[in-house]
Amino acid sequence: MKMTVVGCGYLGATHAACMAELGHEVLGMDCDIDKVRSLSTGRAPFYERGLNDLLARHTASGRLRFTTSYQEAADFADLHFVGVGTPQRPDGSGYDLSHLFDALTGLAPGLTRPAVIAVKSTVPVGTAPRVAGLLHEHAPAGKGIEVAWNPDFLRESRAVEDTLRPDRLVLGFGTPHSWAETVLREAFAGIIETGVPTIVTDWATAELAKGAANSFLATKISFINAMAEICEKSGADAAGLAGILGHDIRIGHQGMLPGLGFGGGCLPKDLRGFIDRAGELGAGQAVGILREADAVNARRRQRVIDLAREELGDDLRGKRIAVWGAAFKPGTDDIRDSPALAVAQSLYDLGAAVTVSDPRALDNARKLHPRLDYAEDPVAAARNCDLLLHLTEWPQYADIDPERLTGRVSTPKAIDARGTLDLVRWQDAGWHIRTLGRA
Ligand SMILES: NC(=O)C1=CN([C@@H]2O[C@H](COP(=O)(O)OP(=O)(O)OC[C@H]3O[C@@H](n4cnc5c(N)ncnc54)[C@H](O)[C@@H]3O)[C@@H](O)[C@H]2O)C=CC1
Ligand SMILES: O=C(O)[C@H]1O[C@H](OP(=O)(O)OP(=O)(O)OC[C@H]2O[C@@H](n3ccc(=O)[nH]c3=O)[C@H](O)[C@@H]2O)[C@H](O)[C@@H](O)[C@@H]1O
């Protein structure tokens, strides 16, 4: 089956490569020429485990191609997935949908035959009818264009597995039993046949499913971090508490890692976008819990800054701080709303000299935070530091022998904000080490 994917970032490039893996002929379209050039040579312009293998294989076979041309995309297929970015507006008030509407406006004039537009981008509930209205007005095929809502639940660092073996497929339609449903069932046949739950619903429920899922995940993380705040006052241990709670299968262990909290291109903006939309709909009271989840998350970043000042004194001028981690989580080079970089930049703004290390995200970090110092090697980053901060839990950091560092730093003091370092081992190596979620 032929299909296009409009918007080839973290989500779209992965979706395009995985649809090719499922046997389809795929044309990826993006307005960023550099991205298209890179993807066309079989290399993602970002790091995602397993993606380059698929890209290399399927671009070489010709089953997967990329273009910057809307016209070429419109001509190529009658199924178009749309996965362009929907970032938070700069003033923080909800989603910026301009990329989505630009992409649809670009594609519409070429839609001369009936086609299915399946939107994967995350949006506020109520966007689908606007998308359909725009396409019916601007596409020559008019009402022959059917809009489907197909939210995606992939996690960066596991994007390929999550796309090929998702927990569930959600397909939202404007009318029941539509042609669009037949087309999408064919597109996803390779996944549906493996028994993945496939939920067919209306537009609004499909749109809400995505915002609600991310709001729940964010709230779960903030719940355990709120408990961490209580642990810090009461002498209990948040990691131990999380472990105990997680044994209850109704709670589970996932999303229960107390620490610096959530960041990334999605959970923070989707939480806020959901709150904003609920307010517009007159349901602001329903999302009080989500506002609190956002506030708890912000306090985690401040807690690390406060701990650093407890250790180094209020005046950070002349202090040297090493930061392990720049990506918003391990396994990615994505630094969008990275908690690690937010803390690093705040400490720099307070006067400290900050050296950041990360196995994958340094190029992106350098562009966004040019005043911070960087070191590829985490041990080199820690040289002569007064304080070491562990802010993104790359597994390799937990493997570093603290003995190797002890003689090289100015003062063996550390804050483990992700709770994955072996505290006893660090203490035995002469370190004064603090962690979030403990007194
Ligand atoms: N990154 C993730 O793990 C997931 C993202 N999502 C959602 O998917 C959407 C995309 O997210 P990401 O891939 O992370 O963003 P991204 O920023 O990595 O990619 C967006 C892509 O869209 C392209 N684009 C922007 N305007 C365009 C236009 N007018 N025409 C063609 N291409 C255009 C950009 O050049 C970029 O390559 C967002 O709505 C996000 O919330 C949903 C699930 C997972
Ligand atoms: O809409 C999206 O883009 C995606 O957002 C999240 O995926 P992702 O942002 O890739 O990352 P997560 O693994 O959910 O982690 C998000 C943040 O929470 C933090 N986190 C996660 C788990 C935890 O226990 N504690 C914790 O602080 C991570 O460090 C990270 O900063 C969701 O998990 C995906 O289902 C969703 O598709």
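Residues numbered from 1 in each chain as written. Chains lettered and ligands numbered in written order. Predicted model: local features only at pLDDT ≥ 70, side-chain atom pairs only at ≥ 80, totals over all residues. Heavy atoms only, no water.

Per an unreviewed UniProt entry, the protein chain goes by the name UDP-glucose 6-dehydrogenase and belongs to Streptomyces graminearus. Here the protein chain is described in UniProt, under the heading Catalytic activity (unreviewed entry), as follows: "UDP-alpha-D-glucose + 2 NAD(+) + H2O = UDP-alpha-D-glucuronate + 2 NADH + 3 H(+)". (UniProt positions renumbered as here; feature names shortened; annotations may be inferred.)

Another point: the packing of helix α13 (residues 288–312) against helix α14 (residues 339–349). Orientation of α13 relative to α14, taken along the N-to-C sense of each, is 40°, at an axis distance of 10 Å. Looking at the two axes, α13 sits oblique to α14. Crossing of α13 against α14: the hand is right-handed. In contact with R301, V304, I305 and A308 of α13, α14 contributes P339, A342, V343, S346 and L347. (Axes fitted to C-alpha atoms, helices over the stretch in contact; angles between N-to-C directions. Helix = DSSP H or I, 4+ residues; strand = E, 2+ residues; numbered from the N terminus. Parallel < 35°, antiparallel > 145°, perpendicular 65-115°, else oblique. Left-handed = near helix turned anticlockwise from the far one by under 90°. Contact = heavy atoms within 4.5 Å.)

A separate point is the domain arrangement of the protein chain. Split into domains, the protein chain comes out as domain 1 (2–196), domain 2 (211–294) and domain 3 (302–435). Taken over C-alpha atoms, the centre of domain 1 sits 29 Å from the centre of domain 2. In this complex, domain 1 contributes 13 residues to the contact, which on the side of domain 2 involves 9 residues. The junction of domain 1 with domain 2 conceals about 840 Å² of combined surface from both sides, 53% of it contributed by carbon and sulfur atoms. Our count for the domain 1 to domain 2 interface comes out at 0 salt bridges. (Domains from an automatic or database assignment. Buried area = accessible area lost by both parts, 1.4 Å probe. Salt bridge = Lys/Arg side-chain N within 4 Å of Asp/Glu carboxyl O.)

This brings us to the site of ligand 1. The immediate surroundings of ligand 1 are formed by 28 residues, with L11, D30, K35, T86 and K269 found nearest. The backbone of A103 places a nitrogen or oxygen atom 3.5 Å from a nitrogen atom of ligand 1. In the model, an oxygen atom of ligand 1 is placed 2.9 Å from a nitrogen or oxygen of the T122 main chain. Here ligand 1, which alone exposes 820 Å², has 90% of that area covered by the protein. Sorting the residues of the shell around ligand 1 by element identifies α1 (10–21) and α5 (98–107) as the ones contributing at least two each. (Near = heavy atom within 4 Å. Polar contact = N/O pair within 3.5 Å; in protein donor to acceptor, adjacent residues only side chain to side chain. Areas by Shrake-Rupley, 256 points an atom, 1.4 Å probe, with all protein chains shown as cover.)

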